[in-house]
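Per-entry structural report
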Amino acid sequence: MASNKLSFILSTFILVVYQCVIPLNAQLQVGFYNGVCDFVEIMIKEEVRDAFILDRGVAAGLVRMHFHDCFVRGCDGSVLIDSTPSNQAEKDAPANNPSLRGFEVIDDAKSRLEFLCPGIVSCADILAYAARDSVEITGGPGYDVPAGRRDGRISSSREASANLPSPALGVNQLIQAFANKGLRPDEMVTLSGAHTIGRSHCISFSNRLFNFNTTTTQDPSMDPSYAAQLAQQCPQGSISNPNLVVPMDPSTPTIMDTCYYDNILANRGLFTSDQTLLANPSTANQVIQNAQNPLLWQNKFADAMVRMGQIGVLTGDAGEIRANCRVINN
Ligand code: HEM
Ligand SMILES: *[C@@H]1O[C@H](CO)[C@@H](O)[C@H](O)[C@H]1NC(C)=O
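Small disclaimer: the values here were computed from a predicted structure and weren't measured. (Residues numbered from 1 in each chain as written. Chains lettered and ligands numbered in written order. Predicted model: local features only at pLDDT ≥ 70, side-chain atom pairs only at ≥ 80, totals over all residues. Heavy atoms only, no water.)

**With respect to the site of ligand 2**
What surrounds ligand 2 is the set Phe212, Asn213, Thr214, Thr215, Thr216 and Pro220. For ligand 2, an oxygen atom lies 2.4 Å from a polar atom in the side chain of Asn213. Taking Thr215, its side chain carries an N or O atom lying 3.0 Å from a nitrogen atom of ligand 2. If ligand 2 stood free it would expose 370 Å²; the protein chains cover 40% of that surface. Looking at the shell around ligand 2, its residues break down into two nonpolar, four polar and no charged. (Near = heavy atom within 4 Å. Polar contact = N/O pair within 3.5 Å; in protein donor to acceptor, adjacent residues only side chain to side chain. Areas by Shrake-Rupley, 256 points an atom, 1.4 Å probe, with all protein chains shown as cover. Nonpolar A, V, L, I, M, F, W, Y, C, P; charged D, E, K, R; others polar.)

Structure representation (structure tokens):
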């Protein structure tokens with residue numbers, strides 16, 4: 001009797017929880033390629049590892065690339081497509097060129113997979129797996145990646161510019177940009193934690209160092225000594241120099257930790273879009289929580305990456321399996 005009652009309560013609870021957490025797309029499956037093309041995930045992990053040994057920056061590049069893929073036409077591999085004489089592709093939008101990196105890792109994984117099981121594994125899935133492996137190899141959480149994405153046939157630089165959030169955005173605009181993709185404010189704060197690895201070009205934050213507005217030269221929400229240091233690394237005359245970069249988390253630039261949130265709390269967030277998370281009580285509270293509880297952040301980050309990876313995916317007969325991630329088929 002007692003156990004019946006308990007199981008009733010439990011199943012009601014599970015039902016309620018289940019109804020509250022509607023997946024963005026239930027058609028993707030963990031282990032999608034099992035039995036069809038085994039070793040897909042192992043092979044991609046190897047490619048990421050080999051590339052990471054040569055250049056640890058590719059991990060940051062691949063995490064960001066997955067984000068930029070998903071926010072423009074969904075996670076359909078459209079960010080990987082090269083421009084043609086008649087089409088300027090996503091990767092050549094100012095938000096992506098010259099900063100986006102890691103394309104060769106996807107190319108290498110794709111050629112190995114095409115040799116092993118031609119026409120089976122989508123470029124969009126390869127990128128989703130590679131982003132997961134990049135999180136893991138930099139010390140972040142491991143997580144299962146639901147797969148079965150198909151590749152899109154359209155890639156537009158204009159759409160990239162319209163959908164990718166600018167680093168100059170304020171917190172309400174960021175919340176809106178993520179809501180447009182079905183992601184919650186807390187997921188926006190959690191995912192921003194990816195800025196604990198990688199680098200930035202000067203142009204992405206120079207607005208905060210020089211000519212902030214007509215009355216102030218520097219952004220008063222930035223720690224003045226950090227601003228002075230950045231102004232030295234990025235002199236006013238060379239803010240567009242594509243060779244000048246700074247680490248986004250100077251303390252541990254290749255480790256997925258929660259220093260990003262500590263930096264923000266010390267007014268050392270690099271972008272307006274980082275520091276502005278303190279401008280709203282609820283997102284500020286999330287910043288504090290994530291800083292205080294790295295394990296909680298890791299779990300939330302893994303969940304949020306899975307949800308981000310489901311945005312606007314093509315499944316079933318939609319789209320195609322590209323033979324070369326850089327060009328649409330025939
Ligand atoms: C919240 C809105 C976001 C804005 C405005 C933003 C903006 C930027 C900018 C401007 C850069 C530097 C690019 C450069 O100049 O080289 C950057 C780098 C990066 N972003 Fe974001 N980002 C956001 C969210 C995210 C999300 C959700 C992720 C992934 C989950 C992410 C992952 C990264 C990574 C890993 C880098 C370093 C890339 C590298 O080292 O090559 N960002 N981001
Ligand atoms: C310039 O920025 C400061 C700090 O955010 C602000 O107090 C001031 O009102 C701004 N001035 C103008 C003209 O927008």
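**Observations concerning the coordination of the iron atom of ligand 1**
A metal bound by six donors in octahedral fashion has ideal angles of 90 or 180 degrees, whereas one bound by four tetrahedral donors has an ideal angle of 109.5 degrees. What the protein offers the iron atom of ligand 1 as a donor is a single atom, His195 (NE2), at 2.0 Å. Residue placement: His195 occurs in the loop between helix H8 (185-192) and strand E3 (199-201). (Donors = N, O, S within 2.8 Å, 3.2 Å for Na, K, Ca; no water. Helix = DSSP H or I, 4+ residues; strand = E, 2+ residues; numbered from the N terminus.)

**A short note on the nonpolar core**
Judged by nonpolar contacts, the single largest core of 70 residues is most densely connected at Ile44, Met65, Ile106, Leu277, Met305 and Met308. For this core, the element with the highest residue contribution is helix H5 (residues 123-137), accounting for eight residues. Residues from two domains meet in this core; each of domain 1 (25-164) and domain 2 (171-307) gives at least three. Other than its neighbours up to four places away in sequence, Met65 contacts Val79, Leu80, Leu100, Arg101, Gly102, Phe103, Ile106 and Leu127. Counting residues in each nonpolar core, the second largest holds 13 residues, with Leu209, Phe210, Cys234 and Leu270 among its members. (Core = buried A, V, L, I, M, F, W, Y, C linked by side-chain atoms within 4.5 Å. Buried < 20%, exposed > 50% of the residue type's maximum accessible area, 1.4 Å probe, protein only. Domains from an automatic or database assignment. Contact = heavy atoms within 4.5 Å.)

**Section: a nonpolar patch on the surface**
Taken together, the side chains of Phe39, Ile42, Phe115 and Leu116 make up a nonpolar region of the molecular surface, amounting to roughly 500 Å² of accessible area. Position of Phe115 relative to the elements: it lies in helix H4 (residues 103-116). (Patch = residues over 30% accessible without salt bridge, like charges linked within 9 Å, V, L, I, M, F, W, Y side chains within 5 Å. Salt bridge = Lys/Arg side-chain N within 4 Å of Asp/Glu carboxyl O.)

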